[in-house]
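Here is what each chain is made of, one letter per residue.
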Amino acid sequence: MTQTFRARAALLDMDGTLVDSTAVVERLWLAWAEPHGLDPDFVLSVVHGRQGHQSMAIMLPDRPHEANLAENQEMLERESGDVDGVIEVPGAAAFLNALAPFPHAIVTSADDRLMRARMGAAELDVPAGLVTAEHVSASKPDPEGFLLGAARLGVDPADCIVFEDSEAGIQAAQAAGMRVIGVGAGSAVHAPDAVVADLTHVTVSADGDGFVLTLD
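Residues numbered from 1 in each chain as written. Predicted model: local features only at pLDDT ≥ 70, side-chain atom pairs only at ≥ 80, totals over all residues. Heavy atoms only, no water.

Draft legend 1. Spatial organisation of the overall build of the protein chain. Per the secondary structure count, the protein chain includes 8 helices and 11 strands. In terms of C-alpha radius of gyration, the protein chain reaches 17 Å, essentially the compact-globule figure of 17 Å for 216 residues. By principal-axis analysis of the C-alpha atoms, the protein chain measures approximately 55 × 30 × 30 Å. Every one of the 216 residues in the protein chain was classed for burial, and the buried ones make up 49%. The contacts of the protein chain with a sequence gap of at least 6 include a subset with a gap of at least 24, amounting to 62%. The centroid of the 12 positive side-chain charges in the protein chain is displaced by 4 Å from the centroid of its 33 negative side-chain charges. (Helix = DSSP H or I, 4+ residues; strand = E, 2+ residues; numbered from the N terminus. Rg over C-alpha atoms; globule rule 2.2 N^0.38 Å. Buried < 20%, exposed > 50% of the residue type's maximum accessible area, 1.4 Å probe, protein only. Contact = heavy atoms within 4.5 Å. Lys, Arg positive; Asp, Glu negative; His and termini not counted. Charge placed at Lys NZ, Arg CZ, Asp CG, Glu CD.)

Structure (structure tokens):
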């Protein structure tokens, strides 16, 4: 069934939404978790969508925050240097091109270096609008990143639409008062406003001072 959404700006998650980095994320995080004796299923239920130090805090709640921050920097270094298997989510390049005339930004839990490494590996252009880990004090599911993205674009949160795949990201967008389109069948369990299998199912067309997204 075709669905349509009108918006004035789009805010886009990166991992799982524009780039498929599942292979490297799971490989590196499971390697990190093994010495800690953590259950792999638990690890994979936590790490997607959050900044690394927050994931560590959830998985190792008794460890000092400073230790998580330091180890997260090491993890970011490893992630930025390992893009083996990172590919474009189908339709991402065409979708970014269609959004080019309209306000849009990436809002990601990755830092700037990792974001550029993965977008480059997927051969995707980096939009001018960016909110990365360096720009916020709180990770998704906190809405800070999405609210900052809307403010930088000069668009009211209610006029923004978010593309996300993870539970933390969808919760963050909803907390920001934004509509959310889930990317990937797995996003449906987190109750976004609509779901597409990938970005080939999204069409962008101009409409007055905004645009219309058509989902098929």
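Draft legend 2. Region of the structure containing the pattern of salt bridges. Per the stated rule, a full pass over the model turns up 12 salt bridges. The shortest N-O distance in the salt bridge between Asp-207 and Arg-6 comes to 2.5 Å. Of this pair, Asp-207 sits in strand β10 (residues 202-207) while Arg-6 sits in strand β1 (residues 3-7); the two residues are 201 residues apart in sequence, bridging distant segments of the chain. The class of Asp-207 is partly exposed, set by a relative accessible area of 30%. In this structure Arg-6 comes out as partly exposed when scored by relative accessible area, which is 36%. The shortest N-O distance in the salt bridge between Asp-13 and Lys-140 comes to 3.1 Å. A residue pair is termed long-range when its members are at least 10 positions apart, and Asp-13 in the loop between β2 (9-12) and β3 (19-20) and Lys-140 in the loop between β6 (129-131) and α7 (144-153) qualify at 127 residues. Like Lys-140, Asp-13 is buried. Shared partners join several salt bridges into a network, and the residues in it are Arg-6, Arg-8, Asp-159, Asp-207 and Asp-209. (Salt bridge = Lys/Arg side-chain N within 4 Å of Asp/Glu carboxyl O.)

Draft legend 3. Representation of the layout of surface pockets. Roughly 510 Å³ of volume is contained in the largest pocket. Forming the walls of the largest pocket are 32 residues, and the residues nearest its centre are Arg-50, Gln-51, Gly-52, Ser-109 and Ala-110. Broken down by secondary-structure element, the contributors of at least two residues to the lining of the largest pocket are α1 (22-33), α3 (52-59), α4 (65-81) and α6 (112-121). Counted by class, the lining of the largest pocket contains 9 nonpolar, 14 polar and 9 charged residues. Roughly 310 Å³ of volume is contained in the second largest pocket. Going through the elements one at a time, β3, α2 (40-46) and α8 (167-175) are the ones with two or more residues in the lining of the second largest pocket. Here the element with the most residues in the lining of the second largest pocket is α2; it accounts for 3 residues. Broken down by class, the residue content of the lining of the second largest pocket amounts to 9 nonpolar, 9 polar and 5 charged. (1 Å grid on protein atoms, 1.4 Å probe; cavity = no way out; pocket = protein on both sides within 12 Å on 5 of 7 lines; lining within 4 Å. Points joined across faces, edges and corners; volume = space filled by probe spheres on them. Nonpolar A, V, L, I, M, F, W, Y, C, P; charged D, E, K, R; others polar.)

Draft legend 4. Layout of α7. All buried positions along α7 are accounted for by Gly-145, Phe-146, Gly-149 and Ala-150. Here the buried residues of α7 occupy an arc of 135° about the axis, which is enough to place them on one side. Looking at the buried residues of α7, the elements they touch are β2, β5 (104-107), β6, β7 (160-164) and α8. In the stretch just after α7, Gly-154 is the one whose phi turns positive, near 70°. (Arc of directions from axis to C-beta.)

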